[in-house]
Amino acid sequence: MTTSARPLGALALITSLLSACGGGSATPEVRLTQGIAVGEPSPSAPVPVVADFIRVARQASCSDISNRMVMIDQKLVYWDTAGNCADASYARQLLGATPQTVLCSMSDTIAGPRTACSDAQYRSMFDTILSKRDKADLGLGSAHRVEPIPFLPASGSALKFSTVVNDAFSGVLKAQVAVVSDDAAWAALWAQHSATRSPAPALPKIDFSRQMLLGVFSGQHPNGCHELSINRIVVDGERLVVEYVDRDVAPLAVCIAALTANAYIVAIDRVDAKVDFVAQLTPGK
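As a starting point, this report considers the structure included with it. (Residues numbered from 1 in each chain as written. Predicted model: local features only at pLDDT ≥ 70, side-chain atom pairs only at ≥ 80, totals over all residues. Heavy atoms only, no water.)

## Describing the overall build of the protein chain
Phase 1 of the analysis: Along its length, the protein chain carries 4 helices and 16 strands.
Phase 2 of the analysis: The proportion of buried residues among the 285 residues of the protein chain is 44%.
Phase 3 of the analysis: A fraction of 63% describes how many contacts in the protein chain between residues 6 or more apart in sequence connect residues 24 or more apart.
Phase 4 of the analysis: Accessible surface, the protein chain: about 14,100 Å² in total, of which carbon and sulfur atoms supply 53%. (Helix = DSSP H or I, 4+ residues; strand = E, 2+ residues; numbered from the N terminus. Buried < 20%, exposed > 50% of the residue type's maximum accessible area, 1.4 Å probe, protein only. Contact = heavy atoms within 4.5 Å. Areas by Shrake-Rupley, 256 points an atom, 1.4 Å probe, with all protein chains shown as cover.)

What follows is the structure in structure tokens.
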């Protein structure tokens, strides 16, 4: 069974959590607006075409660990890749208006790390980025507009995810799936999930500028012999496929005599794509 889900905003959450037997799909709209500060080029200066950079990033080799692009001031792009490769296992680049315009680079070589800048005026910025590359603003501060460029890896790639919720006693009592992409929607979903707890557990902190949440809910069951988990998230063309297991494990386990409602929520890097949830049916479901 395949279910598609729509990213949930604050107002849409109450009515748009999808049942496991139906749903719609949409992708979050990405707007990279131009900002000109003192000392920057005029508005007529070349502006990077996001689609061109995404096309190059999706074709990158040795990028199974990291493949991230960030727009800076609507005129530069920072590109960070890393992978399990014997040589050239990582590369960090500051690019200009096109993917071919390499202003500064740092890469892994046989002789060790090598850093170079074709334009010396960008060396200080690049050094700052390298030292703060894991921060959302790359260490550049409020003087610069820094915006992630979300994109899907190559088709067939499995995405890394981290488990945020794995709970057998959720307050969400109907089977459904969810894609959550902002703080307000997350707070509303968490309030529903934790409605049966007193006091309610603290809301897990998620940086929605860089991440999004994918969740599945089994609905209520008469005993504790229900298993729910997300096993794999894979890129299929221009969509994400979330493969999850939803089954009764009564023949295999000792069950508690209690009403249960399973919830499983994971965090992934934020992407702009349709999301389909596919239940992996197993005997005994």
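There is more to say after this.
## A short note on the pattern of salt bridges
Phase 1 of the analysis: Counted under the stated rule, the structure contains 11 salt bridges.
Phase 2 of the analysis: Two residues, Asp 236 and Arg 239, come together in a salt bridge whose shortest N-O distance is 2.7 Å.
Phase 3 of the analysis: The class for Arg 239 is partly exposed, based on a relative accessible area of 26%.
Phase 4 of the analysis: Asp 276 is paired through a salt bridge with Arg 239; the nearest N and O atoms lie 2.5 Å apart. In this pair, Asp 276 is assigned in strand 16 (residues 274-280) and Arg 239 in strand 14 (residues 239-248), connecting sequence segments 37 residues apart. (Salt bridge = Lys/Arg side-chain N within 4 Å of Asp/Glu carboxyl O.)

## As for the state of the cysteines
Phase 1 of the analysis: Across all of its chains, the model carries 2 disulfides by this definition.
Phase 2 of the analysis: What pairs with Cys 104 in a disulfide is Cys 117, and their sulfur atoms sit 2.0 Å apart. Residues Cys 104 and Cys 117 are joined through a disulfide that is right-handed, its torsion about the S-S bond being 115 degrees. With a gap of 13 residues between them, Cys 104 in strand 7 (residues 102-107) and Cys 117 in strand 8 (residues 114-117) connect regions that are remote in the sequence.
Phase 3 of the analysis: A residue is classified by how much of its surface remains accessible, and Cys 117, at 24% relative accessible area, is partly exposed. (Disulfide = S-S within 2.5 Å.)

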